[in-house]
Amino acid sequence: MVFKENMIFKYILLGLAILFSACTQTPLKDNNLKYNFFETIELNVEELIFDLKESNKGEFIEDEDEETNMIRKLVKSRLTDWSEKKFSVKGKKNKSILSYLKTKVILKEKDENLGMKKFFLLEKKTYQVQAGLDMKFISSENLSSKLNIIGSIDLEIEENLTLNKKNIKIQNTIEILVKGIDDEINKQLKRNEFKLYLF
């Protein structure tokens, strides 16, 4: 009887030790170096207008869940931060208008495991995240040139991720999206029609 009680006590202690060791949380470091991936572009314009009207359309979407809404707002915020640091106004004439296109977050796929599978396989959601901008240049002679950039990326989120890991995964995916937009804007601004607006 004493032996049985000792064994039960040892199993309880072992179970508690495993439980407490599994529940410790090590803070994650986000190794992502924001804003370090791009070069500032000096614009030969007197004025750069950030037009937020486009991005504010559909601000409140009824059928959107909390996660989708959070992703959309993070993309919009990151794109705004990037564009404010990307362009530097140095000119004495010409004008530029930067309009943000509506950010879309669409649930493409949701893997739901039923029965015993849910204990062994990870449930995950795959979102398609789409964002972009229009940039219009108007010369002092009233001639205009416009570029349009749209970026899209898939974001997979496993349901068992901690909130911290989920946020880091979302932010890193957004960085890849913004990096793609940054690369494309650099490429398009090398076209002859935009040389007048650059230093």
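Residues numbered from 1 in each chain as written. Predicted model: local features only at pLDDT ≥ 70, side-chain atom pairs only at ≥ 80, totals over all residues. Heavy atoms only, no water.

Thoughts on the side chain of Gln188
Point 1. Note on placement: Gln188 falls in helix α5 (residues 163-188).
Point 2. When near neighbours in sequence (up to four residues on either side) are disregarded, Gln188 contacts Leu147, Asn148, Ile149 and Phe194. (Helix = DSSP H or I, 4+ residues; strand = E, 2+ residues; numbered from the N terminus. Contact = heavy atoms within 4.5 Å.)

Side note on the side chain of Thr68
Point 1. Residue placement: Thr68 occurs in helix α3 (residues 66-86).
Point 2. Not counting chain neighbours up to four residues away, the residues in contact with Thr68 comprise Val105 and Tyr127.

Focus: the pattern of salt bridges
Point 1. This structure, assessed with the given rule, holds twelve salt bridges.
Point 2. Here Lys125 and Glu67 are joined by a salt bridge, their closest N and O atoms 3.5 Å apart. Of this pair, Lys125 sits in strand β6 (residues 124-138) while Glu67 sits in helix α3; the two residues are 58 residues apart in sequence, bridging distant segments of the chain.
Point 3. A residue is classified by how much of its surface remains accessible, and Lys125, at 13% relative accessible area, is buried.
Point 4. The closest approach of N and O atoms between Asp182 and Lys86, which form a salt bridge, is 2.8 Å. Of this pair, Asp182 sits in helix α5 while Lys86 sits in helix α3, and the two are 96 residues apart along the sequence. (Salt bridge = Lys/Arg side-chain N within 4 Å of Asp/Glu carboxyl O. Buried < 20%, exposed > 50% of the residue type's maximum accessible area, 1.4 Å probe, protein only.)

Side note on unusual backbone geometry
Point 1. The phi angle at Asn94 is positive, at roughly 75°, despite the residue not being glycine.
Point 2. Within the secondary structure, Asn94 sits in the loop between β3 (87-89) and β4 (95-100).
Point 3. The class for Asn94 is buried, based on a relative accessible area of 8%.

Quick look at the packing of aromatic side chains
Geometry of an aromatic ring pair is reported as the spacing of the ring centres plus the angle between the planes.
Point 1. A full pass over the atoms with the stated rule returns three aromatic pairs.
Point 2. Here the aromatic rings of Trp82 and Phe87 are separated by 6.1 Å at their centres, their planes lie at 70°, and the arrangement is edge-to-face. The burial state of Trp82 is the same as that of Phe87; both residues are buried.
Point 3. Members of the aromatic cluster, each reached through a chain of ring pairs, are Phe137, Phe194 and Tyr197. (Phe/Tyr/Trp six-rings, centres within 6.5 Å; stacked < 30°, edge-to-face > 60°.)

A few points about the nonpolar core
Point 1. By size, the foremost hydrophobic cluster in this structure holds 33 residues, and its most contacted members are Ile71, Phe87, Val129, Met135, Phe137, Leu147 and Ile185.
Point 2. Contributions of two or more residues to this core are made by β1 (41-43), α3, β4, β6, β7 (144-158) and α5.
Point 3. With near-sequence residues (within four places) excluded, Phe137 lies in contact with Leu43, Val45, Lys95, Ser96, Leu143, Ser144, Ser145, Leu147, Leu189, Phe194 and Tyr197. (Core = buried A, V, L, I, M, F, W, Y, C linked by side-chain atoms within 4.5 Å.)

A word on the confidence of the model for the chain
Point 1. A residue-level look at the chain finds 72% of positions with pLDDT of 70 or above and a mean pLDDT of 81.
Point 2. In the model, residues 23-33 has pLDDT below 50 throughout and makes eleven contacts with residues more than four positions away in sequence or in other chains.
Point 3. Taken as a whole, residues 55-60 scores under 50 in pLDDT and shows eleven contacts with residues more than four places along the chain or in a different chain. (pLDDT = per-residue confidence, 0-100.)

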